[in-house]
Amino acid sequence: LPTDERETACMYVRSGPDVLLLDAGTGARRLITEPALLKGVERLHVVLSHFHLDHVMGLVALAGLPLEREVWMPARLLAGLPADEVFGRLVDPPFFTGTDVVGTPRELEGDRELGPFRIEIRVQPQHPGKTIAVKVDGSLVYCTDTAYDAENIGFARGAPILLHESFWPGDMTDDPSHTAAGEAGRLAAESGVERLVLVHINPEGCDD
């Protein structure tokens, strides 16, 4: 859930006329409410980590934006379905007006170039339906919706910045699908990243 202080998952990365969004949660609405974010932008590349609603409900904000829009989806990797089918389930009638006004669905099945961005991915199995971790240009790693996953240590190694979920406060959690802040901290330390940014924080009591 979004709160008065923060949105659901959506990370903005820009390189010249290209913008990369990691997930399309409610934060995507800022592309509309803060038009300076799209000034001079020609192409929008969206990479979805998975398809839970808190990560895709902002897709509606992409509708009709006057720029090229592609939505890259690990549909076959996570759901065993083609990207256009999964995308259609999210935005086609009767739930919305259709894929043609939102963007073009693309299959994300492995590492690739998206405009100026080099994307690397790995499947995170410790979440219902699985998710993907994403590395951008070797410098930014995004790991959300996963229990502590030691395989992400090597994946994040060498990157200056790690965005890691911290759904629970404290040192540890027994939640099989989410991470505690202490676990994210240990993963960051073991991978040698310079900066850890905690994301995907539980909205219940998160502003206490």
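Residues numbered from 1 in each chain as written. Predicted model: local features only at pLDDT ≥ 70, side-chain atom pairs only at ≥ 80, totals over all residues. Heavy atoms only, no water.

1. As for unusual backbone geometry
Here is step 1 of the chain: Looking along the chain, the bond that leaves P93 and enters P94 is cis, with omega of 5°.
Here is step 2 of the chain: With respect to the helices and strands, the residue P94 is situated in the loop between α4 (83-91) and α5 (99-102).
Here is step 3 of the chain: A positive phi angle is found at D23, which is not glycine, with a value near 75°.
Here is step 4 of the chain: Structurally, the position occupied by D23 is in the loop between β2 (18-22) and α1 (30-33).
Here is step 5 of the chain: Residue D23 is classed as buried on the basis of its relative accessible area of 0%. (Helix = DSSP H or I, 4+ residues; strand = E, 2+ residues; numbered from the N terminus. Buried < 20%, exposed > 50% of the residue type's maximum accessible area, 1.4 Å probe, protein only.)

2. Overview of the pairing of strand β11 (residues 195-199)
Here is step 1 of the chain: Taken together, the 5 bridges between strand β10 (residues 161-165) and β11 define a ladder with parallel strand orientation. Its bridge partner being in β11, I161 is matched across the sheet by R195.
Here is step 2 of the chain: As a crossover connection, the stretch from β10 through helix α7 (residues 181-191) into β11 is right-handed. (Pairing = 2+ DSSP bridges. Right-handed = clockwise from strand over helix to strand, strands pointing away.)

3. Regarding the packing of aromatic side chains
Here is step 1 of the chain: Tallied over the full model, the rule gives 1 aromatic pair.
Here is step 2 of the chain: Measuring from ring centre to ring centre gives 5.0 Å for F167 and W168, while their planes differ by 90°; the resulting arrangement is edge-to-face.
Here is step 3 of the chain: A relative accessible area of 16% places F167 in the buried class. (Phe/Tyr/Trp six-rings, centres within 6.5 Å; stacked < 30°, edge-to-face > 60°.)

4. Quick look at the pattern of salt bridges
Where side chains of opposite charge bring their charged atoms close, a pairing between them can arise.
Here is step 1 of the chain: Following the criterion strictly, the structure yields 11 salt bridges and no others.
Here is step 2 of the chain: In this structure, the salt-bridge partner of R89 is E85, at a minimum N-O distance of 3.1 Å. Residue R89 and its partner E85 are located together in helix α4, separated by 4 residues, close to a single helical turn.
Here is step 3 of the chain: For R89, a relative accessible area of 54% puts it in the exposed group.
Here is step 4 of the chain: Across the pair D171 and R186 runs a salt bridge whose closest N-O atoms are separated by 2.7 Å. With D171 in the loop between β10 and α7 and R186 in helix α7, this pair connects stretches of sequence that are 15 residues apart. (Salt bridge = Lys/Arg side-chain N within 4 Å of Asp/Glu carboxyl O.)

5. Re α7
Here is step 1 of the chain: Regarding α7, the residues found buried are G182, E183, A184, L187, A188 and S191.
Here is step 2 of the chain: Of the surrounding elements, those touching the buried residues of α7 are α6 (151-156), β10 and β11.
Here is step 3 of the chain: Immediately downstream of α7, the backbone of G192 shows phi near 80°, a positive value. (Contact = heavy atoms within 4.5 Å.)

6. Quick notes on a nonpolar patch on the surface
Here is step 1 of the chain: Judged by side-chain polarity, L196, L198 and I201 come together as a nonpolar surface patch covering roughly 200 Å² of accessible area.
Here is step 2 of the chain: Assessed through its relative accessible area of 31%, I201 is described here as partly exposed. (Patch = residues over 30% accessible without salt bridge, like charges linked within 9 Å, V, L, I, M, F, W, Y side chains within 5 Å. Areas by Shrake-Rupley, 256 points an atom, 1.4 Å probe, with all protein chains shown as cover.)

7. Observations regarding the side chain of T131
Here is step 1 of the chain: With respect to the helices and strands, T131 occurs in strand β8 (residues 131-136).
Here is step 2 of the chain: Among the residues examined, T131 registers a relative accessible area of 0% and is labelled buried.
Here is step 3 of the chain: One polar contact links the side chain of T131 to the main-chain carbonyl oxygen of D145, over a distance of 3.2 Å.
Here is step 4 of the chain: Every residue in contact with T131, bar those within four places of it in the chain, is listed here: S49, H50, L78, R122, V123, Q124, T144 and D145. (Polar contact = N/O pair within 3.5 Å; in protein donor to acceptor, adjacent residues only side chain to side chain.)

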